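Here are the chains, one letter per residue:
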Amino acid sequence: MSTTSPAVTTTDTRIKELAALMDGIGVAMLTSRRPDGRLVSRAMKLSGRERNVDLAFVTSTASHKLDELRYDPHVNVA
């Protein structure tokens, strides 16, 4: 008898499916919020992935993206 619940198995399976899908995607749209409240989206090259679904992007430290993330760290990645 298995000690793993069906809900955990389903979640794990979905995470693995998402990770496999991301392996074929090199560019993502990153949306952040400016201090004036406007949403800003830009294409970002995916530089890596950790723990299956934690995404890593590289940007210039002079970029406004970092100011936006300091203002509001919530983002959307598509």
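Before reading on, note that the structure itself is shown above.
Since this is a predicted model, take the numbers as computed values, not measurements.

Engineer: I'm lost on the sheet that holds strand 3 (residues 54-57) in this one. Help?
Structural biologist: Judged by pairing direction, the sheet is antiparallel, and its four strands sit side by side in the order 3-2-1-4 without closing on themselves. Looking at strand neighbours, the two that pair on one side only are strand 3 and strand 4 (76-77), the edges of this open sheet.

Engineer: How should I be thinking about the side chain of Arg42 in this particular structure?
Structural biologist: Counting through the fold element by element, Arg42 comes out in strand 2 (residues 39-50). A relative accessible area of 16% places Arg42 in the buried class. Polar contacts involving the side chain of Arg42 include one to the main-chain carbonyl oxygen of Val40, which spans 3.3 Å. In this structure the side chain of Arg42 is engaged in a polar contact, spanning 2.7 Å, whose partner is the side chain of Glu68. Those residues in contact with Arg42 that lie beyond four places of it in its chain are Ala28, Met29, Leu30, Ser32, Lys65 and Glu68.

Engineer: What is the right way to look at the pairing of strand 1 (residues 27-33) in this model?
Structural biologist: Two faces make up the sheet, and in a regular strand the side chains alternate between them. With seven bridges connecting them, strand 1 and strand 2 associate as antiparallel partners. When the bridges of strand 2 are listed, Leu30 appears paired with Arg42. Here strand 1 folds back onto strand 2 in antiparallel fashion, the turn holding five residues, of which Gly37 has a positive phi close to 95°. Relative to strand 4, strand 1 runs antiparallel, the two sharing two bridges. Looking at the pairing, Thr31 lines up with Asn76 of strand 4.

Cut-offs applied
Residues numbered from 1 in each chain as written. Predicted model: local features only at pLDDT ≥ 70, side-chain atom pairs only at ≥ 80, totals over all residues. Heavy atoms only, no water. Pairing = 2+ DSSP bridges. Helix = DSSP H or I, 4+ residues; strand = E, 2+ residues; numbered from the N terminus. Buried < 20%, exposed > 50% of the residue type's maximum accessible area, 1.4 Å probe, protein only. Polar contact = N/O pair within 3.5 Å; in protein donor to acceptor, adjacent residues only side chain to side chain. Contact = heavy atoms within 4.5 Å.

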